[in-house]
Amino acid sequence: QVQLVESGGGFVQAGGSLRLSCAASGRTFSDYPMGWFRQAPEKEREFVAAIAWSGSATYYTDSVKGRFTISRDNAENTLYLQMNSLKPEDTAVYYCAAQHRFLPMSYRPGEYAYWGQGTQVTVSS
């Protein structure tokens, strides 16, 4: 079992930045491909970014490419999402998630086994 706790959300004006963190516990963090997802009110949960268990590869949805950066610190058991040039349409609850060990990273929510409780990000225009 992997426990995930997000932090770092908040309220920011358009063009601003936030860094989300996801603290992991319970298993060897470095074994797990990780991802960030988000869900806006009345919308489906959508993929934002993923990172391989080794950290050697990353993948982003088109709408955040060049603005968001996913990274991980395996020594600190922490996943990050640096969000720059934020837009009102980035407003959502952001979730970190872990797949099962050593799988290829994925953009499909159904392929993630463990989820955090979410952190709210609100971007004003």
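Since the structure is predicted, the reported quantities are computational estimates derived from the model, not experimental observations.

Thoughts on the environment of Tyr94
- Within the secondary structure, Tyr94 is located in strand β9 (residues 92-98).
- For the pair formed by Tyr94 and Phe47, sequence separation is 47 residues and the distance between their alpha carbons is 9.9 Å.
- Each residue touching Tyr94, except ones within four places of it in the same chain, is listed here: Glu6, Leu20, Phe37, Arg38, Val48, Phe68, Leu81, Met83, Gly118, Thr119 and Val121.
- A polar contact of 2.9 Å, which involves the side chain of Tyr94, links it to the side chain of Arg38.
- In this structure the side chain of Tyr94 is engaged in a polar contact, spanning 2.6 Å, whose partner is the backbone oxygen of Asp90.

Digging into the nonpolar core
- Leu4, Trp36, Leu79, Leu81, Met83 and Tyr94 are the most contacted members of the largest nonpolar core, which has 29 residues in total.
- At the level of secondary structure, the elements contributing two or more residues to this core comprise β3 (18-25), β4 (34-39), β5 (46-51), β7 (68-73), β8 (78-83), β9 and β11 (119-124).
- Residues contacting Leu4, with those up to four places away along its chain left out, are Cys22, Ala23, Ala24, Met34, Cys96, Ala97, Ala98, Tyr114, Trp115, Gly116 and Gln117.
- Core analysis: the next-biggest nonpolar cluster, separate from the first, contains 5 residues, Phe37, Ala50, Ala97 and Tyr112 among them.

Thoughts on the pairing of β4
- Summarising burial for β4: 5 of the 6 residues are buried, a large majority.
- Note that β4 and β5 share 5 bridges and pair antiparallel. Across the sheet, Gly35 pairs through a bridge with Ala50, a residue of β5.
- Between β4 and the antiparallel strand that follows it, β5, lie 6 residues; Glu42 among them carries a positive phi value of about 65 degrees.
- The pairing of β4 with β9 spans 6 bridges and is classified as antiparallel. When the sheet's bridge partners are listed, Phe37 is paired in β9 with Tyr95.

Focus on the sheet that holds β7
- Here 4 strands make up an open sheet; going across it, the order is β1-β3-β8-β7 and the pairing antiparallel. Either end of the sheet is taken by a strand with one partner, and the two such strands are β1 (3-7) and β7. On average, each strand axis in the sheet is tilted by 15 degrees relative to the strand beside it, whichever way the strands run.

A look at the pattern of salt bridges
- In this structure the tally under the stated criterion is 6 salt bridges.
- Note that Arg38 is salt-bridged to Asp90, the shortest N-O span being 2.9 Å. Placement of Arg38 in strand β4 and of Asp90 in the loop between β8 and β9 is noted, with a sequence separation of 52 residues between them.
- What makes Asp90 buried here is its relative accessible area of 1%.

Rules and cut-offs
- The residue count restarts for each chain, going from 1 along the sequence in the order it is written.
- Only residues with pLDDT of at least 70 get local features here, since the model is predicted, and only at 80 or more are side-chain atom pairs given and counted; chain-wide, interface and lining totals rely on the full set of residues.
- To get the side-chain values, all heavy atoms of the structure are used, and hydrogens and water are removed first.
- Helix numbering and strand numbering both begin at the N terminus, where a helix is a DSSP run of H or I of at least 4 residues and a strand a DSSP run of E of at least 2.
- The contact criterion used is simple: two residues touch if any of their non-hydrogen atoms lie within 4.5 Å.
- By the criterion applied in these results, polar contacts are pairs of N or O atoms within 3.5 Å in which, for protein atoms, one can donate a hydrogen and the other can accept it, and in which residues neighboring in sequence qualify only through two side-chain atoms.
- We define a nonpolar core as any set of buried Ala, Val, Leu, Ile, Met, Phe, Trp, Tyr and Cys residues linked to one another through side-chain atoms lying within 4.5 Å.
- Buried residues are those whose accessible area, probed at 1.4 Å on protein chains only, stays under 20% of the maximum for their type, while exposed residues exceed 50% and partly exposed ones sit between those limits.
- Paired strands, in this sense, are two strands between which DSSP finds at least two bridges.
- Fitting a line to C-alpha atoms yields each axis, with helices limited to the stretch in contact; the angle taken between N-to-C directions then spans 0 to 180 degrees.
- By salt bridge we mean one thing: a side-chain nitrogen of Lys or Arg within 4 Å of a carboxyl oxygen of Asp or Glu.

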